[in-house]
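What follows is the residue order along each chain.
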Amino acid sequence: MPTSSASTTDAAKSSAPASGGVQSLERAFDLLERMADAGGEVGLSELSASSGLPLPTIHRLMRTLVACGYVRQQPNRRYALGPRLIRLGESASRLLGTWARPYLARLVEETGETANMALLDGDEVVYVAQVPSKHSMRMFTEVGRRVLPHSTGVGKALLAHTPPDEVRALLARTGMPAATEKTITTPDGFLDALEEVRRAGYAVDDNEQEIGVRCLAVSVPDSPTAAAISISGPAGRVTDEATRLIVPVLQQVATELSTALASSGPSS
């Protein structure tokens with residue numbers, strides 16, 4: 001640490017490495033996110049074009065990420081997200097679910113139905129938290145369960161603002177198998193449903209994943225990763241009249257959860 005008699009120039013020099021270190025860290029995370037957006041595997045020239053960074057800088061950062069196990073170099077010399085990210089992602093998902101539970105508990109108290117939180121992980125929806133209804137007849141989705149987005153309310157909420165060509169590409173990769181006779185099974189039908197989500201401000205799964213079950217879902221605005229919360233219950237309870245009462249509660253809780261996730265930690 002410089003003494004009080006050190007010159008301003010010396011002080012600036014002493015802080016330069018730290019500043020450079022922070023910049024390198026920001027750039028490394030930016031590259032990882034760009035890799036994820038590109039499907040998990042990219043070439044250096046693609047990263048350079050999308051990030052605007054020079055190739056030597058990207059190459060240096062990628063070498064470091066490879067050495068740490070967060071990126072791996074493929075035989076074709078392209079780079080892919082590495083296995084060490086899996087442990088980080090799983091731990092972060094569990095923690096996110098823990099943070100969300102008080103908000104889901106509020107949903108259960110105010111709506112009477114089971115509350116869920118889900119994330120978009122690649123092409124699938126994964127449930128990361130749930131608080132069950134207190135009714136004897138209630139819905140249950142195992143935390144960690146993965147489903148395809150086209151047949152779920154949370155899937156529609158998560159994809160509502162995704163560009164149509166990206167939605168079509170996702171559906172082409174996953175297929176659109178019918179879980180029930182009410183499941184949407186065409187890309188055009190699903191895009192129409194997403195337009196309705198944008199118009200209404202919430203998504204509905206009306207017997208599309210399981211007959212007799214309705215789900216209402218909204219996205220968590222400005223979430224660090226694409227997230228949605230929902231309530232699910234018997235179709236006989238989650239009626240159109242109940243929907244008018246439940247949706248504002250869902251939207252309010254989603255906004256409060258968003259604020260909590262953006263802060264240093266959610267309120268207790």
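Look above for the structure.
Bear in mind that the values here come from a model prediction, so they are computed numbers and not experimental data. (Residues numbered from 1 in each chain as written. Predicted model: local features only at pLDDT ≥ 70, side-chain atom pairs only at ≥ 80, totals over all residues. Heavy atoms only, no water.)

**Some points on the overall build of the protein**
Phase 1 of the analysis: Helices and strands together make up the secondary structure of the protein, namely eight helices and nine strands.
Phase 2 of the analysis: For the protein, the residues scored as buried account for 40% of the 268 residues in total.
Phase 3 of the analysis: Look at the contacts in the protein between residues 6 or more apart in sequence, and 56% of them connect residues 24 or more apart.
Phase 4 of the analysis: With the model as given, the accessible surface of the protein reaches about 14,500 Å², and the carbon-plus-sulfur share is 54%. (Helix = DSSP H or I, 4+ residues; strand = E, 2+ residues; numbered from the N terminus. Buried < 20%, exposed > 50% of the residue type's maximum accessible area, 1.4 Å probe, protein only. Contact = heavy atoms within 4.5 Å. Areas by Shrake-Rupley, 256 points an atom, 1.4 Å probe, with all protein chains shown as cover.)

**Some words on helix α2 (residues 44–51)**
Phase 1 of the analysis: Taken residue by residue, α2 has Leu44, Leu47, Ser48 and Ser51 as its buried positions. With its buried residues spanning 100° around the axis, α2 presents them on a single face. Exposed and oriented more than 90 degrees from the buried face of α2 are Ser45 and Ala49.
Phase 2 of the analysis: Once α2 ends, the next one or two residues include glycine 52, with phi positive near 80°. (Arc of directions from axis to C-beta.)

**With respect to the environment of serine 51**
Phase 1 of the analysis: By the secondary structure assignment, serine 51 is in helix α2.
Phase 2 of the analysis: Distance in space between the C-alpha atoms of serine 51 and aspartate 30 is 8.1 Å, their sequence separation being 21 residues.
Phase 3 of the analysis: Apart from the residues lying within four places of it in its own chain, the contact partners of serine 51 are Asp30, Leu31, Arg34 and Ile58.
Phase 4 of the analysis: Polar contacts involving the side chain of serine 51 include one to the main-chain carbonyl oxygen of leucine 47, which spans 2.6 Å. (Polar contact = N/O pair within 3.5 Å; in protein donor to acceptor, adjacent residues only side chain to side chain.)

**Describing the packing of α2 against helix α3 (residues 55–68)**
Phase 1 of the analysis: Running from N to C, α2 and α3 point in directions that differ by 115°, and their axes come no closer than 9 Å. For the element pair α2 and α3, the recorded crossing hand is right-handed. In this structure, α2 contributes Leu44, Ser45, Leu47, Ser48 and Ser51 to the contact, and α3 contributes Leu55, Ile58, His59 and Met62.
Phase 2 of the analysis: For the contact of α2 with α3, the class distribution of residues is five nonpolar, four polar and no charged. (Axes fitted to C-alpha atoms, helices over the stretch in contact; angles between N-to-C directions. Left-handed = near helix turned anticlockwise from the far one by under 90°. Nonpolar A, V, L, I, M, F, W, Y, C, P; charged D, E, K, R; others polar.)

**Description of the side chain of asparagine 207**
Phase 1 of the analysis: Mapped onto the elements of the fold, asparagine 207 is located in the loop between β7 (203–206) and β8 (213–219).
Phase 2 of the analysis: Here the side chain of asparagine 207 touches glycine 212 through a polar contact of 2.6 Å, landing on its backbone nitrogen.
Phase 3 of the analysis: When residues no more than four places from it in sequence are discounted, the contact partners of asparagine 207 are Thr180, Lys182, Gly212, Val213, Arg214 and Ala235.

**A short note on the sheet that holds strand β3 (residues 79–81)**
Phase 1 of the analysis: With antiparallel pairing, three strands are arranged side by side in an open sheet as β1-β3-β2. The sheet is open, and its two borders are formed by β1 (41–42) and β2 (71–73), each paired with just one other strand.
Phase 2 of the analysis: With two bridges connecting them, β1 and β3 associate as antiparallel partners. Residue pairing for β3: valine 42 is matched across the bridge by tyrosine 79.
Phase 3 of the analysis: Contacts between α3 and the sheet are confined to β2 and β3, with β2 contributing the most and set at about 105° to the helix. (Pairing = 2+ DSSP bridges.)

**Describing the pattern of salt bridges**
Phase 1 of the analysis: Within the structure shown, the criterion is met by 17 salt bridges.
Phase 2 of the analysis: Taking the shortest distance from any N to any O, the salt bridge between glutamate 46 and arginine 78 comes out at 2.5 Å. Note that glutamate 46 is positioned in helix α2 and arginine 78 in the loop between β2 and β3, a separation of 32 residues in sequence.
Phase 3 of the analysis: Looking at glutamate 46, the relative accessible area reads 36%, which means it is partly exposed.
Phase 4 of the analysis: Between glutamate 113 and arginine 237 there is a salt bridge, with the nearest N and O atoms lying 2.8 Å from each other. Here glutamate 113, found in the loop between α4 (84–111) and β4 (114–121), pairs with arginine 237, found in the loop between β9 (227–234) and α8 (240–262); they are 124 residues apart in sequence, far enough to count as distant.
Phase 5 of the analysis: Through salt bridges with shared partners, one network takes in Lys182, Asp206, Arg214 and Asp240. (Salt bridge = Lys/Arg side-chain N within 4 Å of Asp/Glu carboxyl O.)

**Focus: α3**
Phase 1 of the analysis: Helix length check: α3 (14 residues) gives 20 Å between terminal C-alpha atoms against 20 Å at 1.5 Å per residue, within 8%.
Phase 2 of the analysis: Within α3, burial applies to Thr57, Ile58, Leu61, Met62 and Leu65. End-on view of α3: buried residues confined to an arc of 125°, all on one side of the axis. Across from the buried face of α3, at angles greater than 90 degrees, the exposed residues are Pro56 and Ala67.
Phase 3 of the analysis: A positive phi of about 90° marks glycine 69, the residue just after α3. (Expected span 1.5 Å × (residues − 1).)

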